[in-house]
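What the coordinates show
Residues per chain are reported as follows:
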Amino acid sequence: MQEIQPSVIGQDTICAEVEAPPNALVVFGASGDLTRRKLLGSLCQIFKRGLLGEQFYLLGAGRKELSDEKFRQSAQEAIQQRSCNVSVEQIKSFVNKLYYISGDYSDALFYEGIKVRLVELDKKRKVDGAHIFYLAVPPFLYGTIVERLGSSGLSCPNESDVKRQARLIVEKPFGRDLQSAVELNNKISRCFNESQIYRIDHYLGKETVQNILMFRFANAIFEPVWNRNYVDHVQITIAESIGIEHRGGYYDKAGALRDMFQNHTLQMLTLVAMEPPASFEADHIRDEKVKLLRSIRPFKTDGLDKFIVRGQYGAGSIDGADIVGYRAEPGVAPDSKTETFVAAKLFIDNWRWKGVPFYLRTGKRLENKDTEIAITFKKIPHSMFVSAGLADMPPNVLVLQLQPEEGITLSLQAKRPGSKICMGTLNMSFNYRSVFGVDMPQAYERLLLDCMVGDQTLFTRYDCVEIAWQLLTPVLQAWQNDGSAPCEYPAGSESFAEADNLIESDGRKWRKLSEI
Ligand code: BG6
C-alpha cells in the first residue's frame, strides 16, 4: 500500500476560510439532543478556530425553563463530554456568548419575547447583521415556528440589505413525502425567500463528500473515464452499526427511506454522477444536481422488489454485545413495519450513464460503520496473460471512503516481486488523517459557518428536495399499500437475501463492509 506523503501536498494549497460577519443564532430546541450533540460542539470549534467573530451570540429558545446561567452550564457540560480538543478556558469563553429564553412554540408572545431579547442583545453585543433561526426541533413543529417567525416580523423577507435578512436553517427530513414537502415549503416560502432558507443535509458538510467535487472537477484524468464507456457500476453504501439510539418515536414514523435515503444517499449520488457545473457557485451546482435527479428512471411499482427492497433488524450481536431487535426498541411499535435498511438499484437515463447500474444501500445495526462510494470500472477487454492463467483479472475500483476513515483508494493490478508473471491487486490510497494529521472538521462546523457567511452551496435547494420525493413517494405508497413487513436481518449482519438478490441477479456482488 502506497501513501501520498504530506510533503507532496500543501505547497500549492489554496485555503479560503472566511470569518463569520457579526450575527446572532437563535436555536429552537436549545436543550434538545441535536443542539447538545452537534451544534454546541461545532460552534465551539468554530470559535476556537477564531472564525466565529467577536460579536457572535447564541440565543437558545426552548420549552424548558432555564436561566442564561443554567443554559451555559449545561452547554459547557455537553461540549466537555464530546470535544476533547478544546480547553476548559476556551469552552468557558465560548459559553459566555450564550443566552436563553423559554416559551411555548405556538404562542405568539414567545416570539415577541424573542424580538425584545434580540434587540437588547444586538445592542449589547453590537450585532447589526443577520439573525439566523435554527429549527433543531422535531419536524412537526417546523410549520408552526416558521409561521410565527413570519407573523412576528422576525423573518424580514423584504429587507433590502441582504446582510440583514434573517436566515432559516431547516433540518432534514424536509416533509415525509411529496405532498407534505410541498405543504411545508408553501408555509416557509410565505415567510422566507429561497435565498434565506438553508436546508441542512449534514452529509454535504463532510470533508470527503465535498472532496468528490474537487476530485472530479479539479483533475483532468478522471473525467474522461467517468461514464458508461468505462464504468461498470457504482455502489454507494451508508452502513451504520448504531441503531436508532433514543429516537424511537421519530424513527418509527420515518424509517430508513426518509431518514437516510431520500437525503444523504441521493445527495451522494448527485455529486458522483452530475455533469460538471459551470462554476463552484451554489446555484450552478444545485442546477446540475437537479438535472441529475430528474434523469433517474422512476420506480415501477410493478416488480418493485427487483429495484428496491427493505429490511428491519432483529435481535443479534455486534462486537460481542447483544443487541435487541428493532421492534423491542423503546418508542417503537411491537408490530412495526418500519424499515431500517433500504437497498436499491437505480438507472440514470442520460448520455453519460445510460445502462450503468447504481446500487445504493443504507442500514442500521450492521456489522460495521462504513460509508463509501465505490466506482467499479469495466474489466480490460483482452488479457495478454492468459497463458499464465490470468484470463480474468479483477477490475479497477476507485473507493471514496467517508467513514469511519476518510480517504481515497484506487485498486490496480500490478506485478508482484517473484516469478516472471506474478500479479496481484495493489491499493494506492491516501487517508486524510495520516496526510493532514489534524482532526477533521465536523460537518456542522462547515455548514454553520457557510450559513453565517451566506453561502448556500452545501445546502439543498427546494427543487432538489421535491424531485427526490417525486422519485420515492410511489415507493412509500406501494410499501404502505401492500401491507407486507420488511425482511428481517439479524443485528450485526452485512445484508440480507433480498438485498443480495438485487445485485447478484446482475452477476455482481455488494462490496464487503469496510473492504478496501
Ligand atoms: C442522520 C440520521 O441524518 O444521520 C441518523 O437521522 C443517522 O439516523 C445519522 O444515524 C448518520 O450520520 P453520520 O454523520 O454519523 O453518518
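Criteria and cut-off values
Residues numbered from 1 in each chain as written. Predicted model: local features only at pLDDT ≥ 70, side-chain atom pairs only at ≥ 80, totals over all residues. Heavy atoms only, no water. Helix = DSSP H or I, 4+ residues; strand = E, 2+ residues; numbered from the N terminus. Rg over C-alpha atoms; globule rule 2.2 N^0.38 Å. Buried < 20%, exposed > 50% of the residue type's maximum accessible area, 1.4 Å probe, protein only. Contact = heavy atoms within 4.5 Å. Areas by Shrake-Rupley, 256 points an atom, 1.4 Å probe, with all protein chains shown as cover. Lys, Arg positive; Asp, Glu negative; His and termini not counted. Charge placed at Lys NZ, Arg CZ, Asp CG, Glu CD. Near = heavy atom within 4 Å. Polar contact = N/O pair within 3.5 Å; in protein donor to acceptor, adjacent residues only side chain to side chain. Pairing = 2+ DSSP bridges. Axes fitted to C-alpha atoms, helices over the stretch in contact; angles between N-to-C directions. pLDDT = per-residue confidence, 0-100. Right-handed = clockwise from strand over helix to strand, strands pointing away. Expected span 1.5 Å × (residues − 1). Bend = angle between axes of the 7 residues up to and from the residue. Parallel < 35°, antiparallel > 145°, perpendicular 65-115°, else oblique. Nonpolar A, V, L, I, M, F, W, Y, C, P; charged D, E, K, R; others polar. Disulfide = S-S within 2.5 Å. Salt bridge = Lys/Arg side-chain N within 4 Å of Asp/Glu carboxyl O.

We now examine the overall build of the protein chain. Assigned secondary structure in the protein chain consists of 14 helices and 17 strands. Taking 2.2 N^0.38 as the reference for a compact globule, 516 residues should give roughly 24 Å; the C-alpha atoms of the protein chain span a radius of gyration of 24 Å, in line with that estimate. Oriented by its inertia axes, the alpha-carbon framework of the protein chain measures out at about 80 × 60 × 45 Å. Relative to its 516 residues, the protein chain shows a buried fraction of 53%. Put simply, of all contacts in the protein chain between residues at least 6 apart along the chain, 77% involve residues at least 24 apart. A total of about 23,200 Å² of accessible surface is found on the protein chain, and carbon and sulfur atoms cover 53% of it. Computed over 62 positive and 65 negative side-chain charges, the inter-centroid distance for the protein chain is 1 Å.

Our next topic: the site of the ligand. Around the ligand, a shell composed of 13 residues is seen, among which Tyr203, Lys206, Glu240, Arg247 and Asp259 lie nearest. In the environment of the ligand, an oxygen atom lies 2.5 Å from a nitrogen or oxygen atom belonging to the side chain of Glu240. Lys364 places a side-chain nitrogen or oxygen 2.9 Å from an oxygen atom of the ligand. In the complex, the protein chains occlude 84% of the 400 Å² of accessible area that the ligand would expose alone. Sort the elements by how many residues they give to the shell around the ligand and helix 9 (residues 256–273) lands first, with three residues.

Further remarks concern the sheet that holds strand 15 (residues 407–415). Spatial ordering of the open sheet is given by 16-15-14-13-7-12-11-8-17, a layout of nine strands whose pairing is mixed. The sheet terminates laterally at strand 16 (423–431) and strand 17 (487–490), the two strands that pair on one side only. Across the sheet, the mean angle separating the axes of adjacent strands is 20° when strand polarity is ignored. Two strands pair when backbone bridges link them, and strand 8 (residues 308–314) and strand 11 (residues 341–347) are joined in this way by four bridges, in the antiparallel orientation. Within strand 11, the position partnered with Gly311 by the bridge is Phe341. Of the strands in this sheet, strand 7 (231–239), strand 8, strand 11, strand 12 (357–363), strand 13 (370–377) and strand 14 (397–403) touch helix 9, which is tilted by about 145° from strand 12.

Low-pLDDT portions of the prediction should not be read for the details of their coordinates. Averaged over every residue, the pLDDT of the protein chain is 92; the share at 70 or more is 96%. This model gives residues 1–9 a pLDDT under 50, and the stretch forms 16 contacts once residues within four places in sequence are excluded.

For strand 1 (residues 24–28), the tally of buried residues reaches five of five residues, placing the bulk of the element in the interior. Alternating positions in strand 1 separate into two faces, Ala24, Val26 and Phe28 on one and Leu25 and Val27 on the other, with burial throughout. Note: strand 1 against strand 2 (residues 57–62), five bridges, orientation parallel. Its bridge partner being in strand 2, Val26 is matched across the sheet by Leu59. As a crossover connection, the stretch from strand 1 through helix 1 (residues 33–48) into strand 2 is right-handed. Two elements, strand 1 and strand 4 (residues 131–135), share five bridges in a ladder whose sense is parallel. By the bridge assignment, Ala24 is partnered in strand 4 with His131.

Moving on, we get to the sheet that holds strand 1. Pairing in this open sheet of six strands is parallel, and the strands run 3-2-1-4-5-6 from one edge to the other. What marks the edges here is a single partner per strand, and that holds for strand 3 (98–102) and strand 6 (197–199). Here the strands of the sheet are splayed against their neighbours by 20° on average, with no regard to which way each runs. Pairing geometry for strand 5 (residues 167–170) and strand 6, over three bridges, is parallel. Bridging from a neighbouring strand, Val170 pairs with Arg199 of strand 6. Helix 1 contacts strand 1, strand 2, strand 3 and strand 4 of the sheet and is inclined by roughly 170° relative to strand 1.

A word on helix 9. In a regular helix each residue adds 1.5 Å, so 18 residues correspond to 26 Å; helix 9 covers only 22 Å between its end C-alpha atoms and thus falls short of that length. At Gln262, helix 9 is deflected by roughly 30°, the largest bend along its length. Taking burial as the measure, the 18 residues of helix 9 include 18 buried ones, the bulk of the element.

Bringing the packing of helix 7 (residues 207–217) against helix 9 into the picture now. Where helix 7 contacts helix 9, the two axes come as close as 9 Å, and the packing angle between them is 10°. In terms of axis orientation, helix 7 runs roughly parallel to helix 9. Where helix 7 approaches helix 9, its residues Val209, Ile212, Leu213 and Arg216 are matched on the opposing element by Leu271, Val272 and Ala273. When the residues that make up the contact of helix 7 with helix 9 are grouped by side-chain class, the tally is six nonpolar, no polar and one charged.

Another aspect to go through is the side chain of Arg352. If you trace the backbone, Arg352 turns up in the loop between strand 11 and strand 12. A polar atom in the side chain of Arg352 sits 2.8 Å from the backbone oxygen of Trp226. At 2.8 Å, the side chain of Arg352 forms a polar contact with the side chain of Glu275.

Formally, a disulfide is one covalent bond, and it connects the sulfur atom of one cysteine to the sulfur atom of another. Counted under the stated rule, the structure contains zero disulfides. Here Cys464 is not disulfide-linked; the sulfur of Cys451 is the nearest cysteine sulfur, at 18 Å.

Turning next to the pattern of salt bridges. Oppositely charged side chains are able to pair whenever their charged atoms sit close together. What the rule picks out here adds up to 26 salt bridges. Asp482 is the salt-bridge partner of Arg310, the closest N and O atoms lying 3.6 Å from each other. Remark: Asp482 occurs in helix 13 (residues 462–482) and Arg310 occurs in strand 8; sequence separation between them is 172 residues. In this structure Arg310 comes out as buried when scored by relative accessible area, which is 8%. The exposure class assigned to Asp482 is partly exposed, which follows from its relative accessible area of 47%. One salt bridge connects Asp506 with Lys345, and the closest N-O pair in it is separated by 2.8 Å. A residue pair is termed long-range when its members are at least 10 positions apart, and Asp506 in the segment after helix 14 (497–504) and Lys345 in strand 11 qualify at 161 residues. Residue class for Asp506 comes out partly exposed when judged on its relative accessible area of 30%. Counted as one network, the salt bridges with shared partners bring together Asp283, Arg286, Asp287, Arg461 and Asp463.

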